[in-house]
Amino acid sequence: MSRPPRVPGYLDARPIRDGLRTSVWTVRGYRHGAAKNTAPAGDRILSGGLLVGSIIFFPLLLITMPLLIGARPKTRYYMSADRNAAIAVTAGRTVWHVADHSTARPGTKSGRALRRDLAPHLVVLLDAADAELRAVAVNEKMAEQYEDDLPGLRRTGETGWPRGLKMARPRKSDL
């Protein structure tokens, strides 16, 4: 499979327009993670470091994000109708990965709304392709939300790099 199929009602990200937007969203996401008082101190420090790095290298980010959207033939960026949230899914032969999940306004639940709306469609696509889904939740709270939002997605017990909890939904043939 070259990339996950389109889902009616969800826009594809445009490399230039949406690549530039998601560059800004990345910085906002790191700022949100660094400022969130309920996150463990280590997570806030890491987010703060990533925030500083993303500000320093912002011109590079402005070049990289459009390239990632346009030049990844196995990845589809599903966007909400108002283009304020995106989920990138990369398709392999038997394993698909949530490669990115970002929102224009972190903490406003717009990312979760897209995830919940897209999940039933994604489950059908995964089952049709007989593919496993893998993702990394940035923290415990997000892992709980991911489990609630996408049927069958569970923690693997492994830690993501540089942070987070690895998660997987098995292939239909493994159920």
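Below: a short report on this structure.

Rules used throughout
- Residues numbered from 1 in each chain as written.
- Predicted model: local features only at pLDDT ≥ 70, side-chain atom pairs only at ≥ 80, totals over all residues.
- Heavy atoms only, no water.
- Pairing = 2+ DSSP bridges.
- Helix = DSSP H or I, 4+ residues; strand = E, 2+ residues; numbered from the N terminus.
- Right-handed = clockwise from strand over helix to strand, strands pointing away.
- Buried < 20%, exposed > 50% of the residue type's maximum accessible area, 1.4 Å probe, protein only.
- 1 Å grid on protein atoms, 1.4 Å probe; cavity = no way out; pocket = protein on both sides within 12 Å on 5 of 7 lines; lining within 4 Å.
- Points joined across faces, edges and corners; volume = space filled by probe spheres on them.
- Nonpolar A, V, L, I, M, F, W, Y, C, P; charged D, E, K, R; others polar.
- Axes fitted to C-alpha atoms, helices over the stretch in contact; angles between N-to-C directions.
- Parallel < 35°, antiparallel > 145°, perpendicular 65-115°, else oblique.
- Contact = heavy atoms within 4.5 Å.
- Salt bridge = Lys/Arg side-chain N within 4 Å of Asp/Glu carboxyl O.

Attention now goes to the pairing of strand β5 (residues 132-137). Strand direction decides the pairing type here: strand β4 (residues 95-103) and β5, joined by 3 bridges, are parallel. Looking at β5, one finds that H97 is bridged to R134. At this point the chain moves from β4, through helix α4 (residues 110-129), to the parallel β5, and the crossover so formed is right-handed.

This next bit is on the environment of G53. Inspection of the secondary structure puts G53 in helix α2 (residues 41-56). We classify G53 as partly exposed; its relative accessible area is 23%. A C-alpha to C-alpha distance of 9.9 Å links G53 and Y30, two positions 23 residues apart in sequence.

Spatially, the 7 strands line up as an open sheet ordered β1-β2-β3-β4-β5-β7-β6, and their pairing is mixed. Because the sheet does not close on itself, it has two edges, and the strands there are β1 (11-12) and β6 (154-159).

By the secondary structure assignment, D148 is in helix α5 (residues 140-149). In this structure, the C-alpha to C-alpha distance between D148 and D100, residues 48 residues apart in sequence, is 19 Å.

Let's shift gears to the layout of surface pockets. Space inside the largest pocket adds up to approximately 1500 Å³. For the largest pocket, the lining is made up of 44 residues, of which D100, H101, V138, Y146 and R163 are closest to its centre. Breaking the lining of the largest pocket down by element, the ones donating at least two residues are α1 (15-35), α2, α3 (58-71), β4, α4, β5 and α5. Residue composition of the lining of the largest pocket, by class: 18 nonpolar, 16 polar and 10 charged.

At a minimum axis distance of 5 Å, the contact between α2 and α3 shows a crossing angle of 85°. It follows from the interaxial angle that α2 and α3 lie roughly perpendicular. Together, S54, I55 and I56 of α2 and F58, P59 and L61 of α3 make up the contact between the two elements. Each residue belonging to the contact of α2 with α3 can be placed in one class, and the counts come to 5 nonpolar, 1 polar and no charged.

Our next topic: the pattern of salt bridges. With the rule as written, the count across this model stands at 12 salt bridges. The salt bridge partner of D127 is R169, with a shortest N-O separation of 3.1 Å. Of this pair, D127 sits in helix α4 while R169 sits in strand β7 (residues 165-169), and the two are 42 residues apart along the sequence. The class for D127 is partly exposed, based on a relative accessible area of 22%. A salt bridge links R155 to E147, with the shortest nitrogen-to-oxygen separation between them at 2.9 Å.

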